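Descriptive analysis of the structure
So you can see what is in the structure, the chains are spelled out below.
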Amino acid sequence: MLMLQAARALCEFLLGRLAQQELGVLGLLLIAAVAVGVRARHTGLAVGAAMVFTLLMIQA
């Protein structure tokens, strides 16, 4: 269980760093929106933010 939480935290950290490097503050806001949507069980917010993030990362 601890390894799963550590791996998840590492992935969140690395994804945040990549988003900040490529997209700046907007990337971090989108990652935060995905995390909030998943934790609050708002699938529309999570899926929408993930789609926008993916499209922006493809173009960056």
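Reference entry: report on the structure contained in this document.

Points about the environment of Ile31
- Considering the arrangement of structural elements, one finds Ile31 in helix α2 (residues 25-39).
- Each C-alpha atom, one on Ile31 and one on Arg41, is 15 Å from the other, the two residues being ten residues apart in sequence.
- When sequence neighbours within four positions are dropped, the list of residues in contact with Ile31 reads Leu15, Ala19 and Phe53.

Here we look at the nonpolar core
- Listed in full, the six residues of the largest apolar core are Ala19, Leu30, Ile31, Ala33, Ala49 and Phe53.
- When residues of this core are traced back to their parent elements, those giving at least two are α2 and α3 (43-59).
- Not counting residues within four places of it along the chain, the set of residues in contact with Leu30 comprises Ala49, Val52, Phe53 and Leu56.

Thresholds, definitions, all that
- Residues numbered from 1 in each chain as written.
- Predicted model: local features only at pLDDT ≥ 70, side-chain atom pairs only at ≥ 80, totals over all residues.
- Heavy atoms only, no water.
- Helix = DSSP H or I, 4+ residues; strand = E, 2+ residues; numbered from the N terminus.
- Contact = heavy atoms within 4.5 Å.
- Core = buried A, V, L, I, M, F, W, Y, C linked by side-chain atoms within 4.5 Å.
- Buried < 20%, exposed > 50% of the residue type's maximum accessible area, 1.4 Å probe, protein only.

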